[in-house]
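# Inside the fold
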Amino acid sequence: MKISKQTYARFADAHAPRSPIGKDCLWAFWVGGSICTVGQVLKDVFQNLCSFDEETAGTLTSVSLILAAVILTALGVFDNIAKRAGAGTLVPITGFANSVVSPAIDSRAEGLVLGVGAKIFTVAGPVLLYGTLAGFIYGVIYWLCELF
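Now for a description of the structure that goes with this document. As the structure is a computational prediction, the values presented were derived from the model and not from experiment.

This brings us to the overall build of the protein. Within the protein one finds seven helices and zero strands. Compactness check: the protein gives a C-alpha radius of gyration of 22 Å against a globular reference of 15 Å for 148 residues, more than 25% above the reference. In terms of principal-axis extent, the alpha carbons of the protein reach across some 70 × 45 × 40 Å. For the protein, buried positions account for 20% of its 148 residues. In the structure as shown, the protein presents an accessible area of about 10,900 Å², 70% of it carried by carbon and sulfur atoms. One way to put it: in the protein the 10 positive side-chain charges average out to a point 22 Å from where the 10 negative ones average out.

The topology assignment puts Ser99 in helix α5 (residues 92-106). In terms of polar contacts, Ser99 uses its side chain to reach the backbone carbonyl oxygen of Phe96, at 2.8 Å. Setting aside residues up to four positions removed in sequence, Ser99 forms contacts with Ile120, Val123 and Ala124.

About the thresholds
Residues numbered from 1 in each chain as written. Predicted model: local features only at pLDDT ≥ 70, side-chain atom pairs only at ≥ 80, totals over all residues. Heavy atoms only, no water. Helix = DSSP H or I, 4+ residues; strand = E, 2+ residues; numbered from the N terminus. Rg over C-alpha atoms; globule rule 2.2 N^0.38 Å. Buried < 20%, exposed > 50% of the residue type's maximum accessible area, 1.4 Å probe, protein only. Areas by Shrake-Rupley, 256 points an atom, 1.4 Å probe, with all protein chains shown as cover. Lys, Arg positive; Asp, Glu negative; His and termini not counted. Charge placed at Lys NZ, Arg CZ, Asp CG, Glu CD. Polar contact = N/O pair within 3.5 Å; in protein donor to acceptor, adjacent residues only side chain to side chain. Contact = heavy atoms within 4.5 Å.

So this is what it looks like as C-alpha cells:
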C-alpha cells in the first residue's frame, strides 16, 4: 500500500499528541522566575548578611548559580527539571552551565583528555566563538567611530 505525502501528513497530524502550550508556558515562566528569585535571594544574602559590596555579591551569586546548575546536571536532576520546564531552565547562566557540563559528563567514560576535554565545549563552543567574534567586530567598529 502506497500513500501520498499529503495523506500521510494528515494521518500523522490527526494522531500526534497535542501540546498543552498554555501549561508549558506557565511551567517555563514559573521555573525561570524561581531561578531568578533564588538568584536575587542569594545576592541579597551576600550583600546584606555577609556585607559584600554589590559587585562582589553579584559575582558570588553568578558563581553559586553556576555551581548549583553543574551539581544538578551531574546528578541528573537538571535534565528532569528541563523536561518539565522547557525554556524556563534557559535562564542564561544556568542554561549555559548545563550546556557546558552535559557533554563532559556524557563523555567521561572516554577519559579526561579525549572524553571530557574534547567534548566539554561541543554545545557552548559556538556560543563562545561567535560571541567573542561579535564583540571583536563591535569593538573595531566602535574604535573606528571614535577616530572619525
